[in-house]
Amino acid sequence: MKNPFRRKPPMPSNRYVLGEEVIHPGKYVSIPRSAHLAILGESNSGKGSVIANIIKQEVIMGGEIWFIDLKAGMEAANYESVLDRKAYTLDEAEELLSAFNADVDSVAAEWRGKTRNLDDSQVRHRLLVIDEAADMIKSGPNKKKSDSCIEMVRSALSRSRALNCTMVVSTQNPRVSTSLPYRSLLLTTLALRLNSKSEAVMALDEDAVQRGARPWSISFNRPGDGYLWDTETNSVRFLHVPFVTDEEIHSLRRVGGDGDGRSGSGSPVPATPSPSEYRGLLRRPPLLRCEMRDE
Ligand SMILES: Nc1ncnc2c1ncn2[C@@H]1O[C@H](COP(=O)(O)OP(=O)(O)OP(=O)(O)O)[C@@H](O)[C@H]1O
Ligand SMILES: [Mg+2]
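Peer 1: What is the right way to look at the overall build of the protein chain in this model?
Peer 2: Of regular secondary structure, the protein chain possesses eight helices and 10 strands. Taken across its 295 residues, the protein chain has 50% of its residues classed as buried. A separation of at least 24 residues holds for 70% of the contacts in the protein chain among residues at least 6 apart in sequence. If you sum the accessible surface of the protein chain, you get close to 13900 Å²; carbon and sulfur atoms cover 52% of it.

Shown next as C-alpha cells:
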C-alpha cells in the first residue's frame, strides 16, 4: 500500500541546471530551485546567459517570472512574452518590490502554522530576477527611493525562500555587491570572469578561493565559464553555462498562459513538464546526481 507521507522522489523541477562541468563535460551542475543566487562577473562574462537558462527552465516549470532591469529594460524586454511583471525604472522597481513583499506577507499569513516550506502544489513558484543590482543604488534625489528598494530586496530575500519564491541577482561589480545589505542572504554564488583574486575573494569568499575557485583566470574568450560556490555545502564547481540565442529567448512562450505581461498570481499550477521537454530545453537529459543537491 502507498504510504501517503512518503516524500515524492526529487524531480528535475526542483532544480535549475546551470551547465556542465568544464573538466567533466556531460556532468551537469544544478542548484535547488529554491536557492537565492548571486551572479557576479565582468561585462561580457555571460551573466545574461545564466539568466536566460534559468528563465527558460522556469518557463517550462510554469512559475511566475518577475524582472527588474534598470538599464531601461534592455535585457528584460527580450523576455516580455513570459514576464508576469517587470520594472525598468526605479519608480517601477519600488512598485514591483512593494507588490512582491505584499504577496509574501499574504502567503505567509495564509500558511503560517500549517507548513514550514511551501511547494508548487500549494502556491505557484515565483522567480524574481534583478539584472545589475548596482543600478538600484542611487545617490542624490533618488537616494531615499533607492534605499527603500534595497531594503525591500533584503526583506523579500529573508522571508521568501520558504514561501516558494527565488531571487536571482546579477552584478558586474563585486565591490558593490559586498556593500549591499542583502548580499549575505544570497547563499549561492556563481562567479564568472572577474579581474583579480581580490575581486574573487569579495565575490565568493576566501574559503571558496582556497577550495579552487579561480574566476580571475577565466579567459576573456570563455564567456559562460564560472565557479559556483554554495556556502551551505561549502562546495565549488567549475562549469560552463550554455549560450542561449536571441531567437530562443524570443520564442519562449508561457506554459498554459497568454504571456501578456500581467501578474498571474493565483492562477492554477501548470502541469510538471515532461522529461522530453527537459531534454529539449537542455539538449541532453540533465543528470540529477550532483554534489550540490540539498534534497
Ligand atoms: N555561455 C556562453 N557561451 C558562449 N558565448 C557566450 C556565452 N554567454 C555569453 N556569450 C557571449 O558573450 C556576450 C556577452 O554575454 P552576456 O550579455 O551574457 O554578458 P553579461 O555578463 O551579461 O554582460 P553585461 O554586464 O555587459 O550585461 C554574448 O553576446 C555572447 O557573444
Ligand atoms: Mg548582461
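Resuming the write-up.
Peer 1: Would you explain the pairing of strand β3 (residues 37-40) in this entry?
Peer 2: Each regular strand shows side chains that alternate between the opposite faces of the sheet. The alternating pattern of β3 places Leu 37 and Ile 39 and Ala 38 and Leu 40 on opposite faces, both of which are buried. Across four bridges, β3 lies against strand β7 (residues 165-171) in parallel orientation. Bridge pairing in β7 places Leu 40 opposite Thr 171. Examined bridge by bridge, β3 and strand β8 (residues 188-191) share four bridges and lie parallel to one another. Considered in β8, the bridge of Ala 38 is made with Thr 189.

Peer 1: In this structure, what is going on with the pattern of salt bridges? I would like to understand it.
Peer 2: Between side chains of opposite charge, a pair can form as their charged atoms come close. One pass over the structure, following the stated rule, counts 17 salt bridges. With its nearest N and O atoms 2.9 Å apart, the salt bridge here joins Arg 126 to Asp 103. Of this pair, Arg 126 sits in strand β6 (residues 126-131) while Asp 103 sits in helix α2 (residues 90-111); the two residues are 23 residues apart in sequence, bridging distant segments of the chain. Among the residues examined, Arg 126 registers a relative accessible area of 7% and is labelled buried. On the basis of relative accessibility, which here comes to 26%, the residue Asp 103 falls in the partly exposed class. Each of Arg 33, Glu 58 and Asp 120 takes part in a single network of salt bridges with overlapping partners.

Peer 1: Would you mind showing me how to read the site of ligand 1 here?
Peer 2: Around ligand 1 there are 15 residues in total, and Ser 43, Asn 44, Lys 47, Ser 49 and Val 241 lie nearest to it. At 2.5 Å, a backbone N or O of Val 241 approaches a nitrogen atom of ligand 1. Burial of ligand 1 by the protein amounts to 67% of the accessible area it has alone, namely 620 Å². With three residues, the top contributor of residues to the shell around ligand 1 is helix α1 (residues 47-61). Its residues assigned to classes, the shell around ligand 1 shows four nonpolar, nine polar and two charged.

Peer 1: What is the right way to look at the sheet that holds β3 in this model?
Peer 2: The strands making up a sheet are joined through hydrogen bonds of the backbone, oriented either antiparallel or parallel. Strand order in the open sheet formed by 10 strands is β2-β1-β10-β9-β8-β3-β7-β6-β4-β5, with mixed pairing between adjacent strands. The two strands at the open ends of the sheet, each matched to only one other strand, are β2 (28-32) and β5 (85-87). Strand-to-strand twist in this sheet, taken as the mean axis angle between neighbours without regard to direction, amounts to 25 degrees. Where strand β4 (residues 64-69) meets β6, six bridges bridge the pair, whose relative direction is parallel. What sits directly across from Glu 64, in β6, is Arg 126. Strands in contact with helix α3 (residues 143-160) are β6 and β7; relative to β7, the strand with the most contacts, it is inclined by about 135 degrees.

The rules behind the values
- Residues numbered from 1 in each chain as written.
- Chains lettered and ligands numbered in written order.
- Predicted model: local features only at pLDDT ≥ 70, side-chain atom pairs only at ≥ 80, totals over all residues.
- Heavy atoms only, no water.
- Helix = DSSP H or I, 4+ residues; strand = E, 2+ residues; numbered from the N terminus.
- Buried < 20%, exposed > 50% of the residue type's maximum accessible area, 1.4 Å probe, protein only.
- Contact = heavy atoms within 4.5 Å.
- Areas by Shrake-Rupley, 256 points an atom, 1.4 Å probe, with all protein chains shown as cover.
- Pairing = 2+ DSSP bridges.
- Salt bridge = Lys/Arg side-chain N within 4 Å of Asp/Glu carboxyl O.
- Near = heavy atom within 4 Å.
- Polar contact = N/O pair within 3.5 Å; in protein donor to acceptor, adjacent residues only side chain to side chain.
- Nonpolar A, V, L, I, M, F, W, Y, C, P; charged D, E, K, R; others polar.
- Axes fitted to C-alpha atoms, helices over the stretch in contact; angles between N-to-C directions.

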